[in-house]
Amino acid sequence: MATICSTHCRSYPSLQPVSSPSSKLGHVPQHVTLSSSASKRFLAAKVSLKSQSDSNQVAVHTHQPQQSDGAATAAAVPVDIDTTQKLLKSELLSFTSAEESQAEASFYNNENESVSITVVGASGDLAKKKIFPALFALYYEDCLPKHFTIFGYARSKMTDAELRTMVSKTLTCRIDKRENCGEKMDEFLKRCFYHSGQYDSQENFAALDKKLKEHENGKASNRLFYLSIPPNIFIDAVKCASSSASSGNGWTRVIVEKPFGRDSESSAALTKSLKQYLREDQIFRIDHYLGKELVENLSVLRFSNLIFEPLWSRQYIRNVQFIFSEDFGTEGRGGYFDNYGIIRDIMQNHLLQILALFAMETPVSLDAEDIRNEKVKVLRSMRPLELGTMVIGQYKSHTKGGVTYPAYTDDKTVPKGSLTPTFAAAALFIDNARWDGVPFLMKAGKALHKKGAEIRVQFRHVPGNLYNRTFGTDLDRATNELVIRVQPDEAIYLKINNKVPGLGMKLDRSHLNLHYAARYSKEIPDAYERLLLDAIEGERRLFIRSDELDAAWSLFTPVLKELEEKRVVPEYYPYGSRGPVGAHYLAARYNVRWGDLGIDMDQ
Ligand SMILES: NC(=O)C1=CN([C@@H]2O[C@H](COP(=O)(O)OP(=O)(O)OC[C@H]3O[C@@H](n4cnc5c(N)ncnc54)[C@H](OP(=O)(O)O)[C@@H]3O)[C@@H](O)[C@H]2O)C=CC1
Ligand SMILES: O=C1O[C@H](COP(=O)(O)O)[C@@H](O)[C@H](O)[C@H]1O
């Protein structure tokens, strides 16, 4: 089995082993980078292969890491194609241009470059739960540049040692790489520092700048600020960071966490304010669902497998479902949540982003701008949501097995009588040639019976119904369904009809199943790891551009306003249940059954 790796911890676009020795490199891209099995990112030999149509030889260019004078060396060696195939098979491959690899290599190993990552709001929940653990995981995997420093910044008073103690409590090591874990943690923590300051104080940020400079020690400074703070202080912090602590001789980038406003107007105002201090290419709007492994894989599945793309349209797909559920309520985050609700918290961003990747046309290339252009196009082809094509719900208290689970409004930070939805289901439509008439159903809820996120693609019925004696009239039982289980227990499976072995003619439903835990031994990185690494590398593909954001808000703003103006009362559902029955009626209107509540024993 070929393991996936690269010159980096990972690189773009992703790789594939050459399948058959007879392929004569017909499908091998012009430049192929072979990583060393030791997987130290930039010590790998770079090999670029040039296809030579009719010969059995390819030219292999071996690129050495940059010399001290900055020049790269390259030697062309003719290599027998079988040898190449063996190399390709036995090594870990990544397709990237030699120039790109060299630029990355020099950035990561360059003695004269430094990267400082400042977590603004370091005392908070997200910083502790996700950001510091992700940074440690990157360090553990040798993915951080040689000269990096991490600063925590917040108002709370803390010493460096106290920050380290706080951070150390949430660090974990890769299950498959436990060795030297303690040592690695100690090394990592030594690179973490803390600076206490106000978010609107130029003086405090100037003091941070001074400390950053001390750590940069005369090297070119590249600075990443991660705004892990409530949205009402984003602009203050951006203003101060950009005026008093941005890099003088390298790049400055800012990761902004959602929420990006609460409707079209507030989002546009946020963008406008951010752009007073930053260029668009410095703003990294994070949607962590885009960093999830199976969401990343969606484009690979679509565009690198011949069997899927021809089916990817109204001609063969009956409906598509995007489902998010959590088996816990808003415990602890009710104050934030009540101002947003599930539609803004999950649908307008996470589910819509997945939908855009699912439904977009083939991009010109895998470049960030090409992908984001296609996402914007498909979002702009969608109909804004309407009240009539939505269901909203809110969880109520429920007692089960002697345990009483609270209602949403039992949370002390939630105003009494709040009508904020904790559940929503909606039917969306894309008015373009590919998807005309296909319902894209979304469903998201908190305090449901299980935790999960998945995409379900239900195909049309097989015409003719040759096996009607087995299936009867309920053709839904026989419909092919492709399920992309984003989490937990990542998997991609296709439900097919199969003959039960034996002398009779009995059919059953089976799964062609790519179950990640069984297929890959490597632990799947957390979404924040991928996204942080991308921001460090300046890769914008998985971050939201401002026009994407505008298009997304245009779809949701009218219905959100109507819900609030009309004070629409949600349908109450018990904590731990499958959610409001209204969601079934909604689906039924489009002749759809939710796949997750399935008719199969095994969903
Ligand atoms: N937590 C999560 O799971 C997720 C969070 N997010 C987003 O990430 C960002 C950070 O989230 P999270 O860590 O939960 O937020 P917190 O509420 O924990 O806030 C982070 C830090 O900001 C400071 N802070 C909090 N409230 C205020 C205030 N009113 N005025 C000034 N400073 C304040 C506090 O630091 P101090 O007092 O020390 O200055 C706090 O530790 C938010 O934008 C959130 O929406 C997005 C997805 C998930
Ligand atoms: O952005 C958010 O996401 C989390 C769910 O993220 P996951 O990676 O754990 O699935 C959700 O709980 C939270 O309400 C929302 O703000």
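All values reported here derive from a predicted model rather than from experimental measurement.

Draft legend 1. Fine view of the site of ligand 1. Around ligand 1, a shell composed of 19 residues is seen, among which G124, L126, A154, R155 and S156 lie nearest. No other element matches the three residues that helix 3 (residues 125-140) contributes to the shell around ligand 1. Here the shell around ligand 1 is composed, by residue class, of ten nonpolar, five polar and four charged.

Draft legend 2. Representation of the domain arrangement of the protein chain within the structure. Partitioning the protein chain into domains gives domain 1 (21-107), domain 2 (110-257) and domain 3 (290-462 + 545-597). A C-alpha centroid distance of 33 Å is found between domain 2 and domain 3.

Draft legend 3. Expanded view of the pairing of strand 11 (residues 283-286). Of the two faces of strand 11, the one holding I283 and R285 and the one holding F284 and I286 are both buried throughout. As paired strands, strand 10 (residues 252-256) and strand 11 are joined by three bridges and run parallel to one another. From the neighbouring strand, I255 faces strand 11, where its bridge partner is F284. Crossover handedness for the path strand 10 to helix 8 (residues 264-277) to strand 11: right-handed. Summarising the sheet, strand 11 and strand 22 (residues 543-544) pair through two bridges and their orientation is antiparallel. Its bridge partner being in strand 22, I286 is matched across the sheet by F543.

Draft legend 4. Up close: the sheet that holds strand 17 (residues 440-445). Strand order across the open sheet formed by nine strands is 21-20-19-18-12-17-16-13-23, with mixed pairing between neighbours. Edge positions in the sheet fall to strand 21 (507-515) and strand 23 (571-574), since each of these pairs with one other strand and no more. The mean angle between the axes of side-by-side strands here comes to 20°, regardless of whether they run parallel or antiparallel. Direction of pairing for strand 16 (residues 423-428) relative to strand 17: antiparallel, over a ladder of six bridges. Bridging from a neighbouring strand, A426 pairs with M442 of strand 17.

Calculation notes
- Residues numbered from 1 in each chain as written.
- Chains lettered and ligands numbered in written order.
- Predicted model: local features only at pLDDT ≥ 70, side-chain atom pairs only at ≥ 80, totals over all residues.
- Near = placed C-beta within 6 Å.
- Helix = DSSP H or I, 4+ residues; strand = E, 2+ residues; numbered from the N terminus.
- Nonpolar A, V, L, I, M, F, W, Y, C, P; charged D, E, K, R; others polar.
- Domains from an automatic or database assignment.
- Buried ≥ 20, exposed ≤ 12 C-beta atoms within 10 Å, placed from the backbone.
- Pairing = 2+ DSSP bridges.
- Right-handed = clockwise from strand over helix to strand, strands pointing away.
- Axes fitted to C-alpha atoms, helices over the stretch in contact; angles between N-to-C directions.

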